[in-house]
Amino acid sequence: PAELGKALGAFVRQLGGSDEPEQRELLSQAGLDDWAADNLLQYLAEQKVATRHVPDDRTLVVERFRDEIGDWRIAVHSPYGAPVHAAWALAMRAKLRERYGFDAQVIHTDDGVLLRLPDIEETPPTDIPIFEPDEIADIVQAELGGSALFAGRFREAAGRALLLPRRMPGRRTPLWQQRQKAAGLLSVASQYPDFPIVLEAMRECLQDVLDVPALVSLMRDIQSRTVRLIDVETQTPSPFARSLLFGFVAAFLYDGDSPIAERRAQALTLDPTMLAELLGSPELRDLLDPEAIAQVELSIALLLPDQAMRDKEDVADLLRRVGDLTTAEVLLRGGTAHQLADLEESRRALRLRIAGEERWVAIEDAGRFRDALGVPLPVGVPDAFTEPVADPLVDLVSRYARTHGPFVVAEPAQRFGLGVAVITTALARMAASGRVVSGQFRPTGAEKEWCDAEVLRRIRRMSIARSRAEAEPVPPVTLGRFLPAWQGISGTARGHDAILRAVEQLQGAAVPASALERLVLPARVGGYAPSMLDELCVAGEIVWVGAGELPGNDGWISLALADEAHLVLPSPADATLGDNELAVLEALASGAAFFRDLTARIPKVTDNDLVETLWSLVWAGLVTNDTLAPLRTRRGASAGRHWKTRRTSRPGRPALPTRAGPPVVTGRWSLAPTREPDVTRRSTALVEALLDRYGILTRDAVMTERFPGGFSAAYRILSAMEDAGRARRVYAIEGLGGAQFALPGAVDRLRQHAATHREPTGALVLAATDPANPYGAALAWPDGADGTGHRPGRKAGALVVLVDGVLVLYVERGGKSLLTFPDDLALLQPAVDALALAVRDGVLGALAVERGDGTDIAQTPLGDALRAAGFHATPRGLRMRA
């Protein structure tokens, strides 16, 4: 079951986050001896080498590879168990059939789903396992009738009900003959929607075999990014994939368990009302909004004011789209009697007597009304419009369904002057092909209703939109809890992939170099080490550039994934370049170079000048390095002033302490990526990066990021993304204006943090400039206790301490002055304790506090909290060493 699978995934994640002694201790507690532990750890290690990830409860892996005959295999590695994976496999098969027009071979196990695709020209898309949470349950139920699972369950249910008798009870019937007999029974039973064995088989599938609610919950977690879905492509199957492949042949030995008739969409028609009674699922009448139904009905019937008829061409089109109408109904839609007369005179419309009243119809429908309703036609109708069609009654009823909301059978029967049984038969044929669905839709209804499938989808979408629009916005402080969680401020994710994900969210943001590896990345990546980032830079996966110099050998830098760097990195500074700068740029234009290679290419520039020139180009955003080592050295104590030169035999060239050059210029230098010249592409990529970073984007957050063109330029892109369904306009956070845009799933996750029974997030120490800190950006700085009117700011070197999303402490650069925001004094001590822990762990270095809220620190409640946390008194204040 899903619960056990989630627990197993959490155990795997715990193993992955532990060192080897801890891993062996955990496995020993689980009852494994040394031999079994060795095998298990080696198995996990081999999987990590193959795919860089081991799937767990928070990370799912989609692995693509080609099999021995060149076809694509897609393995979705997940721990959530067969009941979830079986339903997921049905939905993925439906998506592939809709997209490519063929049925993919799919198997599922407790460890994931394996799909086989024919050799298509394009690489299989990465979104195959991703579905809208609100739609996947319907997709699974629609697919279930044509699955081998349903065929097998139907055969078993029919056997238990003694509907598959043996001719000779003493002899065993071969399985393949049982399947054939069950297929014949199903072909007959599927004509009766309330056949009890069909309903029992469906109930078993949905309740006993599949776990659709858990799958819906998993889709919500993927959408809200609580669960990550990572795509990898391998040359050979990973160890986990080989386990899935092992059962592939055996699974398709029973491919014939799906009868041919079931492979057609019209084989099985269920009675949703009776099925809902069996399953206990809520009716749509409890979910659909009455105003949404009314709005859609007006739209499809062309009754909205902006749909009014303008001329006789519109009236002719009205008769073709809506069908037979009385004169009063045409006038209601803005048509005129004169226009109708013109259409009749030109033989484009006819007056027919239907169900005892005179109605107008398009001449193209003459044959349908004659054959379906027995209506006599006037003399002179061209033969082209009277030729028989395949199913005229279904055509008329189908158009009625497309132009009306949910209806009972009696309504079209009365409209066409036919019996209820005749209309019911036509609707059943339409339901078999998926054109209409039956159920209980109107909140005030009591009878079984029918509705066109597309009309029902429109009503559901509008109902969901209205319900979301009516949802109450959350208090602003909730953003202080949501944003760190959205950006992964927990330190639980580890390894290179955690760094790549952190950089993906941070790309394009300017962060002080002094805070990047001391606060920003360690907060997102557990066990962070500078060498991890260097490895990714050297491998060409991450690029960094400077975005302006700061005092104290500090500066703003921006990271990006290499394939998106040209779109999201900040534009180079507009600076006047001297001869040395131009010479360096010209030398690097021929290719990346180490410092000594550069000195050979431009011998006229001295080493000292070359060092300063390189760094001026770095802060201008024109030059970068394949490692951050020189930046760290420059950030060190008075870096750049420690190295001295000495004379060599070569006149005019000062020598450096090492062959490679001074430590502040180690590594390989190159030109920064050329920025995308197309403003539209660049702005769109920046907006997508901001949405990914913040989840819910507000006007002030955009302004803080210094978006080119300001919020007005970003707003146009966000509006277009809303029209394309890639973002949603929401009013999710109270008091932050109506121009809020969110990614799918972000609002739901925000509301989870606002729920009454949520878990506290604890205290977080963040750089004031960290994008995970909403204060001074999306949220205004709160009023503090500083009587001097001093205000905090998003400054390099400053810190903030959040407790459960509330800003409690602001630490000025250098740490000599602190500001408190004491709405709740109970939060002060946890904030100070978190600050003290950061000092002890060496994150902040020694901290000497002299003033608190503008006064002597020793005379304030903040001083008492600092002493309780371990700070000791000095002549100039309170101090703690690392």
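Details of the structure are given in the entry above.
This section reports on the structure supplied with the text. (Residues numbered from 1 in each chain as written. Predicted model: local features only at pLDDT ≥ 70, side-chain atom pairs only at ≥ 80, totals over all residues. Heavy atoms only, no water.)

Turning to a nonpolar patch on the surface, a few remarks are in order. A cluster of nonpolar side chains, L298, L303 and L332, forms an exposed patch at the surface whose accessible area comes to about 250 Å². Following the sequence through the fold, L332 ends up in helix α15 (residues 327–332). (Patch = residues over 30% accessible without salt bridge, like charges linked within 9 Å, V, L, I, M, F, W, Y side chains within 5 Å. Areas by Shrake-Rupley, 256 points an atom, 1.4 Å probe, with all protein chains shown as cover. Salt bridge = Lys/Arg side-chain N within 4 Å of Asp/Glu carboxyl O. Helix = DSSP H or I, 4+ residues; strand = E, 2+ residues; numbered from the N terminus.)

We now examine the pairing of strand β21 (residues 806–811). Burial within β21 is extensive, with 5 of its 6 residues counted as buried. Inspection of the sheet shows strand β20 (residues 799–803) paired to β21 by 5 bridges, in the antiparallel sense. Paired with L799 across the bridge in β21 is V811. The antiparallel hairpin formed by β20 and β21 contains 2 residues in its connecting segment, where D804 sits at a positive phi of about 55°. The hairpin formed by β21 and strand β22 (residues 817–820) contains 5 residues between the paired strands, and G814 there has a positive phi angle of roughly 95°. (Buried < 20%, exposed > 50% of the residue type's maximum accessible area, 1.4 Å probe, protein only. Pairing = 2+ DSSP bridges.)

So, on to helix α35 (residues 828–840). Between its terminal C-alpha atoms α35 stretches 18 Å, which fits the 18 Å expected from 13 residues at 1.5 Å a residue. Looking at the residues trailing α35, positive phi occurs at G842, about 80°. (Expected span 1.5 Å × (residues − 1).)

Core analysis: the largest hydrophobic core is formed by 75 residues, its most contacted members being I499, I542, L614, W615, W669, L809 and L835. Considering every element that reaches this core, the biggest residue donor is α35, with 8 residues. Excluding its chain neighbours within four sequence positions, the residues that come into contact with L614 are V584, F595, L598, V623, V665 and W669. (Core = buried A, V, L, I, M, F, W, Y, C linked by side-chain atoms within 4.5 Å. Contact = heavy atoms within 4.5 Å.)

Here the focus is the packing of helix α14 (residues 312–322) against helix α16 (residues 337–345). The interhelical angle for the contact between α14 and α16, taken along N-to-C directions, is 75°, at an axis separation of 9 Å. Regarding the angle of α14 to α16, the classification is roughly perpendicular. Seen from α14, the contacting residues are K312, V315 and A316; seen from α16, they are Q339, L340, D342 and L343. (Axes fitted to C-alpha atoms, helices over the stretch in contact; angles between N-to-C directions. Parallel < 35°, antiparallel > 145°, perpendicular 65-115°, else oblique.)

For the rest of this paragraph, the subject is the sheet that holds strand β25 (residues 855–856). Across the sheet, 6 strands lie side by side as β19-β20-β21-β22-β24-β25; this open sheet has mixed pairing. Looking at the sheet topology across the chains shown, the edges are occupied by β19 (763–767) and β25.

Here we come to the side chain of S683. Assignment of secondary structure puts S683 in helix α31 (residues 679–694). Sequence-distant contacts of S683, defined by excluding residues within four places in its chain, comprise F707 and I717.

Now for the side chain of E581. The topology assignment puts E581 in helix α27 (residues 579–588). One buried charged residue, E581, remains without a salt bridge, the closest side chain of opposite sign being R634 at 12 Å. Here S616 takes part through its side chain, which lies 3.4 Å from a polar atom of the side chain of E581. If near-sequence neighbours (up to four positions away) are discounted, E581 is found in contact with T613, S616 and L617. (Lys, Arg positive; Asp, Glu negative; His and termini not counted. Polar contact = N/O pair within 3.5 Å; in protein donor to acceptor, adjacent residues only side chain to side chain.)

The 5 strands are arranged β3-β4-β2-β1-β5 in an open sheet whose pairing can be described as mixed. Edge positions in the sheet fall to β3 (105–109) and β5 (228–233), since each of these pairs with one other strand and no more. Averaged over all adjacent pairs, the angle separating strand axes in this sheet is 15°, with direction ignored. In this structure, β3 lies alongside strand β4 (residues 112–117), joined through 5 bridges in antiparallel fashion. In the sheet register, V106 faces β4, and the bridge partner there is L115. On top of the sheet, helix α10 (residues 239–246) reaches β1 (59–66), β2 (72–77), β3 and β4; it is set at about 110° to β2, its chief contact.

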